[in-house]
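Coordinate inspection notes
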2 protein chains.
Amino acid sequence: MTTPVNRQILLAARPHGDPKPTDFDIVARPVPVPGDGQVLIRNLLVSMDPYNRIIMGNANSDQPPIDIGDPMFGFTVAVVEQSNHPVFAVGDHVASMSGWQDYALSDGSDLRSIDPTAAPLSANLGVLGMTGLTAWVGLTKIIDPKPGGTLVVTAAAGAVGSAAAQIGKLRGHRVVGIAGGPAKTRHLREDLGLDAAVDYKAADFTAQLARAVPDGIDTVYENVGATMVAALPPHLNMKAQIVVGGVMEAITATTAAPGPDRLPDLQRAVLYRDLTIRGFSVPDYFDCYDALRAELAPAVAAGTVRYAEHVVEGLEAIPTAFPDMFHGRVMGKMIAKIA
Amino acid sequence: MTTPVNRQILLAARPHGDPKPTDFDIVARPVPVPGDGQVLIRNLLVSMDPYNRIIMGNANSDQPPIDIGDPMFGFTVAVVEQSNHPVFAVGDHVASMSGWQDYALSDGSDLRSIDPTAAPLSANLGVLGMTGLTAWVGLTKIIDPKPGGTLVVTAAAGAVGSAAAQIGKLRGHRVVGIAGGPAKTRHLREDLGLDAAVDYKAADFTAQLARAVPDGIDTVYENVGATMVAALPPHLNMKAQIVVGGVMEAITATTAAPGPDRLPDLQRAVLYRDLTIRGFSVPDYFDCYDALRAELAPAVAAGTVRYAEHVVEGLEAIPTAFPDMFHGRVMGKMIAKIA
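Residues numbered from 1 in each chain as written. Chains lettered and ligands numbered in written order. Predicted model: local features only at pLDDT ≥ 70, side-chain atom pairs only at ≥ 80, totals over all residues.

1. Details of the relation of the copies chain B and chain A
Take chain B, turn it by 180°, move it 0.0 Å along the axis, and it overlays chain A with an RMSD of 0.0 Å. Expressed as an axis order, the relation between the two copies is that of a two-fold axis. Taking C-alpha positions as the reference, the residue of chain B nearest the rotation axis is B:Gly259, at 1.6 Å. A symmetric contact is evident, with 100% of the interface residues of chain B recurring at the interface of chain A. (Least-squares fit on C-alpha atoms with pLDDT ≥ 70 in both. Contact = placed C-beta atoms within 7 Å.)

Below, the structure written as structure tokens:
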């Protein structure tokens, strides 16, 4: 029997634009030993998120990057291996923020208990995790969607987008998803059951969008950035609400966006159509996890909320898999199964 | 004694870009005779507003234009000349939307009574009129400003901007005005008593703005458009709120704005700084005129709310005076004194 080691993925270099496999190092370190009040957790599933690119630096974000050589922060589903903690027992499943590594110590403050019988474990990284919370908060706390209106979700085949689209369906909206390419739009229609799907890579994108929103757009869950926002103003109804859950295309941008300047169009729409545009910080809503699960876990179990996953095998697969997120090659939630 | 006539300013041509004197005709028509339930009003003061350019057409607005040959719509202060109406008596002062003409009939539904002793008559077009309402609604109903925070007002020497800046001061904000040129910034500091004024035409505008908001920006009353909005993101505090009260620079734009595209910067700020950006329709708040006056009329009378006016003499001066609004040559509320 070999002595277990703690494999960690470290930031090796700050990317400019898209991340590359060589921006990461993998090292093997001793498995840490829990002290008083601590637990040792072993990560089973590791989440890959746009946020991981942001903390690498050069990502046009206000979020400070981690240092070169630091372990990559990230969300995981883990099992408790050793416990000196009154709440968490050996064998318990937890959601953690312990990062891209095999093992971690915790005093419990960053852990949430998971019921492994309530839903697939991986759902706790996706629709029942931070991803789902990002979608749920936007649709329930930031904008005030009128059920029955038309909700447009951009990057709707992505992790947050597909969660937002599903929550929108669950809450009675007519949901139109925008995604790139026929495989993704088919997934939106056939697997997720959206009312319409629009392919932004298609030559007739503008016409597709117009056909998909015959009654205009009442609410928008936006994940992409200026490219998508610029397509919306002609269709926005009076008092339409846009929640910005992400700016995917900005994260890897290395130059100022070329003209024309699309800000004036949006400003006019804000004024003339009484728009509300809002952002939010997910950590401000971490106390909503219970509400999210209460609403979604039964629907996940019943199969009325669906989601795609892009699962890779092994921690060592992450450096090569993660960059695919930024090339539109991935559908659904990106997860590495590491144990 | 000559028989009175009703001089009317008609739309003669749709401008492309800035309006020109030749876009208007002035005609003389018979003074109309009030029927049952009607009053005949004689306009004393006529308001010139960005809205007047919008209804001329080709103004990048959702608002439908008036037809060529139609009388120009507009806000006025008038006196009742004849009355078959139970509420309005001969000699009463009223605020009306009767347009750029000497006389008009009304069934009273578009009239608001004015107390000519409460404030100068012209204030009923400015800070106590539609102009003031536009400012007041934005600051009190659309955003939720935290008194004591920093409020930035763009086009702060304009009619709506100076009203917003004054209301901001009255409500305890630290108010920073942005305007073009030293005469206007001096007016903002010395006449309106703003806490700081920034000259967007100055070579060191960016540095001036940074110095003027050492604690960042909490709220923005925006009247200009993309040029101003693009300058704000570096200084916006978390959860900053932007109300869009106008898009002055867009009204006369004839081409797409050149690059770079400034929308991505704003999108990032929305997400990473939890921004709220909102527009509104002033007519939705016409029932707030009483609240506006209750708050501002005493302050106007006491001189604690001040405002600049740009008054021209005579209805016939309007076609040549109005275009100046779009060249930054005017400070404060534009009014024609026509009787």
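2. Brief notes about the interface of chain B and chain A
Interfaces are frequently sized by the accessible area removed from exposure as the parts join. Listed per partner, the contact involves 36 residues of chain B and 36 residues of chain A. Breaking the side of chain B that touches chain A down by element, the ones donating at least two residues are helix 6 (226-229), helix 8 (263-272) and strand 13 (276-278) of chain B. Per-element accounting of the side of chain B that touches chain A gives the leading share, eight residues, to helix 8 of chain B. Residues that form the side of chain B that touches chain A fall into these classes: 20 nonpolar, nine polar and seven charged. Relative to strand 13 of chain B, strand 13 (residues 276-278) of chain A is paired through three bridges, and the arrangement is antiparallel. Residue pairing for strand 13 of chain B: A:Arg278 is matched across the bridge by B:Thr276. (Helix = DSSP H or I, 4+ residues; strand = E, 2+ residues; numbered from the N terminus. Nonpolar A, V, L, I, M, F, W, Y, C, P; charged D, E, K, R; others polar. Pairing = 2+ DSSP bridges.)

3. Focus on the packing of helix 2 (residues 130-142) of chain A against helix 3 (residues 159-170) of chain A
All names here are of chain A. Between helix 2 and helix 3, whose axes approach to 8 Å, the crossing angle comes to 50°. Looking at the two axes, helix 2 sits oblique to helix 3. The crossing of helix 2 and helix 3 is right-handed. Here Thr131, Gly132, Thr134, Ala135, Trp136, Gly138 and Leu139 of helix 2 lie close against helix 3, whose contacting residues are Ala159, Val160, Ala163, Ala164, Ile167 and Gly168. (Axes fitted to C-alpha atoms, helices over the stretch in contact; angles between N-to-C directions. Parallel < 35°, antiparallel > 145°, perpendicular 65-115°, else oblique. Left-handed = near helix turned anticlockwise from the far one by under 90°.)

4. Describing the sheet that holds strand 9 (residues 174-179) of chain A
Read from one edge to the other, the open sheet built from twelve strands follows the order 10(A)-9(A)-8(A)-11(A)-12(A)-13(A)-13(B)-12(B)-11(B)-8(B)-9(B)-10(B), with strand pairing classed as mixed. Each having just a single partner strand, strand 10 (196-199) of chain A together with strand 10 (196-199) of chain B make up the two edges of the open sheet. For this sheet, the mean angle separating the axes of adjacent strands, direction not counted, is 15°. Pairing of strand 8 (residues 150-153) of chain B with strand 11 (residues 217-222) of chain B involves three bridges; the strand directions are parallel. Considered in strand 11 of chain B, the bridge of B:Leu151 is made with B:Thr219.

5. Focus: the packing of helix 2 (residues 130-142) of chain B against helix 9 (residues 289-302) of chain B
Residues and elements named next belong to chain B. Between helix 2 and helix 9, the shortest axis-to-axis distance is 10 Å and the interhelical angle comes to 90°. Comparing the axis directions of helix 2 and helix 9 gives the class roughly perpendicular. Packed against helix 2, whose contacting residues are Gly132, Leu133 and Trp136, the element helix 9 presents Tyr289, Leu292 and Leu296 at the interface. Considering only residue class, the contact of helix 2 with helix 9 consists of five nonpolar, one polar and no charged.

6. Remarks on the nonpolar core
Judged by nonpolar contacts, the single largest core of 217 residues is most densely connected at A:Val153, A:Ala164, A:Ile318, B:Val153, B:Ala164, B:Ile318 and B:Ala336. The contacts of A:Ile318, once residues within four sequence positions are left out, are A:Ile9, A:Val46, A:Met48, A:Trp100 and A:Ala336. (Core = buried A, V, L, I, M, F, W, Y, C linked by C-beta atoms within 7 Å. Buried ≥ 20, exposed ≤ 12 C-beta atoms within 10 Å, placed from the backbone.)

7. Examining the domain arrangement of chain A
Residue and element names in this part refer to chain A. Domain assignment breaks chain A into domain 1 (5-126 + 307-337) and domain 2 (130-282). Spacing between the C-alpha centres of domain 1 and domain 2 amounts to 28 Å. Across the contact, 19 residues belong to domain 1 and 19 residues belong to domain 2. When contributions to the side of domain 1 that touches domain 2 are tallied by element, the ones reaching two or more residues are helix 1 (50-54) and strand 15 (333-337). In terms of residue count, the dominant contributor to the side of domain 1 that touches domain 2 is helix 1 (three residues). Along the lines of polarity and charge, the residues of the side of domain 1 that touches domain 2 split into ten nonpolar, six polar and three charged. (Domains from an automatic or database assignment.)

8. Looking at helix 2 of chain B
Residue and element names in this part refer to chain B. Along helix 2, the sharpest kink reaches roughly 30°, centred on Trp136. With eleven of its 13 residues buried, helix 2 lies for the most part within the structure. Met130, Thr131, Gly132, Leu133, Thr134, Ala135, Trp136, Val137, Gly138, Leu139 and Ile142 are the residues of helix 2 that are buried. Among the structural elements, helix 3 (159-170), strand 11, strand 12 (236-244), strand 13, helix 9 and strand 15 (333-337) are those in contact with the buried residues of helix 2. (Bend = angle between axes of the 7 residues up to and from the residue.)

9. Quick word on helix 4 (residues 182-191) of chain A
All names here are of chain A. Taken as a whole, helix 4 has its buried residues at Lys184, Thr185, His187 and Leu188. The buried side chains of helix 4 occupy one side of the element, clustering within an arc of 155° when seen end-on. When the buried face of helix 4 is taken as reference, the exposed residues oriented beyond 90 degrees from it are Pro182, Ala183 and Glu190. On the buried face of helix 4, the contacting elements are strand 9 and strand 10. (Arc of directions from axis to C-beta.)

10. As for the environment of A:Gly69
Residue and element names in this part refer to chain A. Looking at the element boundaries, Gly69 is found in the loop between helix 1 and strand 4 (76-83). With 44 residues separating them in the primary sequence, Gly69 and Asp25 have C-alpha atoms 8.2 Å apart. Contacts of Gly69, omitting those with residues within four sequence positions, involve Leu10 and Leu11.

11. Section: the environment of B:Tyr103
Residue and element names in this part refer to chain B. The topology assignment puts Tyr103 in strand 6 (residues 103-106). Exposure remark for Tyr103: the 22 C-beta atoms within 10 Å place this residue in the buried category. Spatially, the C-alpha atom of Tyr103 lies 8.7 Å from that of Ala78, the residues being 25 residues apart in sequence. Excluding its chain neighbours within four sequence positions, the residues that come into contact with Tyr103 are Asn6, Val31, Pro32, Leu40, Ile41 and Arg42.

12. Considering the confidence of the model for chain A
Averaged over all residues, the pLDDT of chain A equals 95, while 99% of them reach at least 70. Note on the complex model: pTM 0.94, ipTM 0.92. (pLDDT = per-residue confidence, 0-100.)

13. Focus: unusual backbone geometry
Cis rather than trans, the peptide bond between A:Gly259 and A:Pro260 has omega equal to 0°. Relative to the helices and strands, A:Pro260 is located in the loop between helix 7 (248-251) and helix 8 (263-272). Located in the positive-phi region is B:Asp274, a residue other than glycine, with phi close to 55°. Counting through the fold element by element, B:Asp274 comes out in the loop between helix 8 and strand 13. In this structure B:Asp274 comes out as buried when scored by C-beta crowding, with 20 C-beta atoms within 10 Å.

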